[in-house]
Amino acid sequence: MSKRLYPHNRVRYGYSYDIEEVCQIFADKGLHPQTVRAWIKAGLKTVDSGRPILIYGYDLISFLKKRNDANKCATQFGEFYCMHCQCARPAYKNRITIEQQRQFLMAKGHCRKCKSRMCKSYSLVAYPEIKKTFKVVGASQLYDCSVAADKTHLESKDETLLTESCQGSLF
C-alpha cells in the first residue's frame, strides 16, 4: 500500500496539538495515534519530553510537507504517471488522445509496460509542442486553425428563394 498524503493546510501554524488532536484533524484519513507516535520517532519535533506530548503546528506543517513531497513522482513533458506501475513512463507507441477541458488539455494514453490507462493534463498553449512530441490519434473539440469563423453559426445568413413572395416582409 502506498503512503497517504495528509494535507498540511488543515493544520494551524501557531497552535500546539497533542496526539489525539492531530488524529481528529485527519479523522477522514483514518489517522491512528500510533502513526503519529511513529512520526515522532521518524523526526517530528515535539515541544518537550514531558507528558502530554505536544507538537507545534509549524513543526507538523513542515514535517507533512517533506513527507508529501517525498511521495511525489516528477514526470517529463513526454511522460505520464502510471498508477499501476507506480512510476513515470512514456505512452505506448507514443500515441495519445486529447480532450479539451475548460482551461487545459487532458491527454490520455496507455503504459508501455502494463498497457493500463494513463492521464496527464497540459496547458492550452502546449498544444503545438504536444503535436511535435506525440502522435495524436484523437482530439475532441480542438480547432487547429487560425480562423474559427467557419466553425461557428455567426456568419449564417437567411437566404430567401427567388420563388417566394415578399408579402411576408411587408407586415
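Use the structure listed above.
Residues numbered from 1 in each chain as written. Predicted model: local features only at pLDDT ≥ 70, side-chain atom pairs only at ≥ 80, totals over all residues. Heavy atoms only, no water.

## Here's the deal with the pattern of salt bridges
Here is step 1: Summed over the entire model, instances satisfying the criterion amount to two salt bridges.
Here is step 2: The closest approach of N and O atoms between R10 and D28, which form a salt bridge, is 2.8 Å. One end of the pair, R10, is in the segment before β1 (16-18); the other, D28, is in the loop between α1 (19-25) and α2 (33-42), with 18 residues separating them in the sequence. (Salt bridge = Lys/Arg side-chain N within 4 Å of Asp/Glu carboxyl O. Helix = DSSP H or I, 4+ residues; strand = E, 2+ residues; numbered from the N terminus.)

## Digging into the environment of A91
Here is step 1: As for its placement among the helices and strands, A91 is situated in the loop between β4 (87-90) and β5 (95-100).
Here is step 2: With near-sequence residues (within four places) excluded, A91 lies in contact with F80, I96, H110, R112 and M118. (Contact = heavy atoms within 4.5 Å.)

## Considerations on helix α3 (residues 57-70)
An α-helical turn contains 3.6 residues, so any two residues separated by three or four positions project in the same direction.
Here is step 1: With 14 residues, α3 extends 20 Å between its outermost C-alpha atoms, agreeing within 8% with the 20 Å of an ideal straight helix rising 1.5 Å per residue.
Here is step 2: Buried within α3 we find G57, D59, L60, I61, F63, L64 and N68.
Here is step 3: Those residues of α3 that are buried lie in contact with β1, α1, α2 and β2 (54-56). (Expected span 1.5 Å × (residues − 1). Buried < 20%, exposed > 50% of the residue type's maximum accessible area, 1.4 Å probe, protein only.)

## Quick word on the pairing of β4
Here is step 1: Bridge count for strand β3 (residues 79-82) against β4 is four bridges, and the pairing is antiparallel. Its bridge partner being in β4, E79 is matched across the sheet by P90.
Here is step 2: Counted along the chain from β3 to the antiparallel partner β4, the turn is four residues long, and its residue Q86 has a positive phi close to 65 degrees. (Pairing = 2+ DSSP bridges.)

## Re unusual backbone geometry
Here is step 1: Between R51 and P52 the backbone carries a cis peptide bond, its omega angle lying at -10 degrees.
Here is step 2: If you trace the backbone, P52 turns up in the loop between α2 and β2.
Here is step 3: Unusually for a residue other than glycine, N94 sits at a positive phi of about 60 degrees.
Here is step 4: Relative to the helices and strands, N94 resides in the loop between β4 and β5.
Here is step 5: A relative accessible area of 22% places N94 in the partly exposed class.

## Looking at the packing of aromatic side chains
Here is step 1: In the structure shown here, the tally under the stated rule is eight aromatic pairs.
Here is step 2: Arranged with centres 5.5 Å apart and planes meeting at 40 degrees, the rings of Y13 and Y58 form a pair that is tilted. Of this pair, Y13 sits in the segment before β1 while Y58 sits in helix α3; the two residues are 45 residues apart in sequence, bridging distant segments of the chain.
Here is step 3: Look at Y58 and you get partly exposed, because its relative accessible area is 36%.
Here is step 4: Summarising the aromatic geometry, the rings of Y56 and Y58 are spaced 5.3 Å apart at their centres and angled 10 degrees between planes, so their arrangement reads as stacked.
Here is step 5: Of the aromatic side chains, those joined through ring pairs into one cluster are Y6, F26, W39 and F63. (Phe/Tyr/Trp six-rings, centres within 6.5 Å; stacked < 30°, edge-to-face > 60°.)

By themselves, these are just geometric observations and shouldn't be taken as functional.
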